[in-house]
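If you want the building blocks of each chain, they are given just below.
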Amino acid sequence: MTVSPAVSGSLRNRLVLILIGGAAVLAVLLFFAVRSYAVQVAQQGQDNILDASVTSMLDAAAIRDGAVELDLPYSALSMLSTPADDQVFYAVLQDGVFLSGYEDLSFAEDISGNPPRFETDEIRGVTVRKISASRILIGADKRTEVQIVLAQTKDALSETLDQISRNAALLGLGFFVLAAGLSAWATSATIGQLDKLTGSVTRRGPQDLSPFKKPVPKEMVPLVGSLNSLMGRLDQSLSQSEDFIAEAAHRVRTPLATVRSYAETTLQRVDREENREAMRSMIKAIDESSRAAGQLLDHAMITFRADHLAREKIDLVDLARDLVLRLTPIAEMKDLQLDLRGDTQVPFRGDGILIQNAVRNLLDNAMKYGPPDSRVTVAVTKNPSPKITISDEGPGFPTKEIATLTTRFRRGANAADTIGSGLGLTIVQDVAKAHGGRIDLSNHPEGGACVTLSL
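Residues numbered from 1 in each chain as written. Predicted model: local features only at pLDDT ≥ 70, side-chain atom pairs only at ≥ 80, totals over all residues. Heavy atoms only, no water.

As annotated in an unreviewed UniProt entry, the protein carries the name histidine kinase and comes from Yoonia phaeophyticola. Under Subcellular location (unreviewed entry), UniProt gives the following word-for-word description of the protein: "Membrane". You can read under Catalytic activity (unreviewed entry) in the UniProt record for the protein the words "ATP + protein L-histidine = ADP + protein N-phospho-L-histidine." (UniProt positions renumbered as here; feature names shortened; annotations may be inferred.)

Put into structure tokens, the structure is as follows:
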């Protein structure tokens, strides 16, 4: 019976989720990185324009007749024009005293004499970017400082940043989709190595315990090494089990045969009827023990070999003929005739030992239940599929029990006085299943049982 291992989740799904999760994080980071860089570049562009504009204004300042004159050049304001028609504010101060412009426009700190400084502020309910710069004017008898504070709204900058944000989002989404696809492909390619190993193990027959020799990724070497080690131990264990079964069969059958031989000899020398009856009971018990032990060992051997099937080219006719020749002396002692018929040759690839064991069990049953002066027929045919049919002229199978007679240790109601273990038909059925076949039980209309072993 195959026991499914406990499942702790899908390695494929776990790997895909990790890779896609990493791709999602990278996509978000990419979005914010692109947007942050765009904000920095766009702000730097606006600052450069403000700086150029305020510098142009300061260059236009001059002292005439002891007074400061400042005509705002058109170019200074035109360079601040934007597609969004941003508002522009300015304030002109002389030595810290307001001269013209927007009086509410001021800088957060006094920067007189310092290089131009930039600041983001709010004026009249709108956000602006402003710059403050100053210039020292020297006249004939006068030295004064002119300061200009220039501010511009950020509508165009906001629109530009919104567009860049959308493009960055599309870029991040595209990166995520591409990374997700690559993650799925990489996962399939990686897990595919495990699938190949699984398929290689699945395609192997039970008898193939040779080590895996195909190249595998470095990370799978320990796993394949463990599998090879396990199969080596299994091969050794199965070989030991086969040797044990063969040795056990020999050691059990031989002493029982010796005891039976002594019991028969003793029976011939005993005169008292009650002693003779006791010896007959002993012989019967020995026969039952010998048959039960033999069939138990046969069943164990078949169970082992069915999972370790050794297929070879055999001729089912030759196999049946050999069994008939070997069992003919025993059949003649019971006044039975063994008859082999059917095709002259029936080639087949299978385990000859198992098939021979199955046919021998069928012949034993037929000879056991066949009445004296009757015939046991062995028919071997190859069309439409290889079949071995054995029939006798005995009482047949109990009709109501025929469906259950292949169950282990199950015997028919008419077999109570006959030596048996209830394993013969079970052995035949196991052999048939191991070769992809079946066993069919039936009764002849004129009397007698018929068993067909299909392969």
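The next thing to look at is the pattern of salt bridges. Close approach of charged atoms allows side chains with opposite charge to pair. A complete count under the given rule lists nine salt bridges for this structure. Among the salt bridges present, the one from Asp 318 reaches Arg 321, with a minimum N-O distance of 2.9 Å. Residue Asp 318 and its partner Arg 321 are both found in helix α6 (residues 316–333); the two are separated by three residues, about one turn of the helix. The salt bridge involving Arg 341 is made with Asp 339; its shortest N-O contact spans 2.6 Å. Judged by its relative accessible area of 43%, Arg 341 is partly exposed. (Salt bridge = Lys/Arg side-chain N within 4 Å of Asp/Glu carboxyl O. Helix = DSSP H or I, 4+ residues; strand = E, 2+ residues; numbered from the N terminus. Buried < 20%, exposed > 50% of the residue type's maximum accessible area, 1.4 Å probe, protein only.)

Here we take up the environment of Thr 82. Mapped onto the elements of the fold, Thr 82 is located in the loop between α2 (74–78) and β3 (88–94). Between the C-alpha atom of Thr 82 and that of Asp 155, which follows or precedes it by 73 residues, the distance is 8.9 Å. Discounting residues that sit within four places of it in the chain, Thr 82 has contacts with Gln 152 and Ala 156. (Contact = heavy atoms within 4.5 Å.)

To continue, consider a nonpolar patch on the surface. Side chains of Val 25, Leu 26, Leu 29 and Phe 175 sit close together on the surface and give an oily, nonpolar patch of about 360 Å² of accessible area. In terms of residue count, helix α1 (residues 11–59) provides more of the nonpolar patch than any other element does, three residues in total. Summarising the element assignment, Leu 29 is placed in helix α1. (Patch = residues over 30% accessible without salt bridge, like charges linked within 9 Å, V, L, I, M, F, W, Y side chains within 5 Å. Areas by Shrake-Rupley, 256 points an atom, 1.4 Å probe, with all protein chains shown as cover.)

In this section: the packing of α1 against helix α3 (residues 155–203). Between α1 and α3, whose axes approach to 8 Å, the crossing angle comes to 160°. Relative to α3, α1 is oriented roughly antiparallel. At the point where α1 passes α3, the crossing takes the right-handed sense. Of the residues that constitute the contact of α1 with α3, the class distribution is 27 nonpolar, seven polar and three charged. (Axes fitted to C-alpha atoms, helices over the stretch in contact; angles between N-to-C directions. Parallel < 35°, antiparallel > 145°, perpendicular 65-115°, else oblique. Left-handed = near helix turned anticlockwise from the far one by under 90°. Nonpolar A, V, L, I, M, F, W, Y, C, P; charged D, E, K, R; others polar.)

This paragraph deals with the nonpolar core. Among the nonpolar cores identified, the biggest contains 43 residues, and Leu 316, Ile 355, Val 359 and Ile 390 are the most heavily contacted of them. Mapped by element, the contributors of at least two residues to this core are α6, β9 (336–342), α7 (352–369), β11 (374–381), β12 (387–391), α8 (424–434), β13 (438–443) and β14 (449–454). (Core = buried A, V, L, I, M, F, W, Y, C linked by side-chain atoms within 4.5 Å.)

Our next topic: the pairing of β13. In this sheet, β14 lies alongside β13 in antiparallel orientation, the contact comprising six bridges. Among the inter-strand pairings, Arg 438 is bridged to a residue of β14, identified as Ser 454. (Pairing = 2+ DSSP bridges.)

Following the UniProt record, one finds the feature "transmembrane region" (unreviewed entry) at residues 15–34 and 168–186. Across residues 15–34, the secondary structure splits into 100% helix and 0% strand, with the terminal C-alpha atoms separated by 28 Å.

A few words on the environment of Ser 75. As for its position among the elements, Ser 75 is in helix α2. Along the sequence, Ser 75 and Met 57 sit 18 residues apart, while their C-alpha atoms lie 9.2 Å from each other.

For the rest of this paragraph, the subject is the sheet that holds β3. Across the sheet, five strands lie side by side as β4-β3-β7-β6-β5; this open sheet has antiparallel pairing. Bordering the open sheet on either side are β4 (97–101) and β5 (117–123), each of which pairs with just one other strand. This sheet shows a mean twist of 30° between the axes of neighbouring strands, independent of strand direction. As paired strands, β3 and strand β7 (residues 143–153) are joined by seven bridges and run antiparallel to one another. Along β7, the bridge assignment pairs Phe 89 with Ala 151. Sitting on the sheet, α1 touches β5, β6 (126–138) and β7, and the angle it makes with β6 is about 35°.

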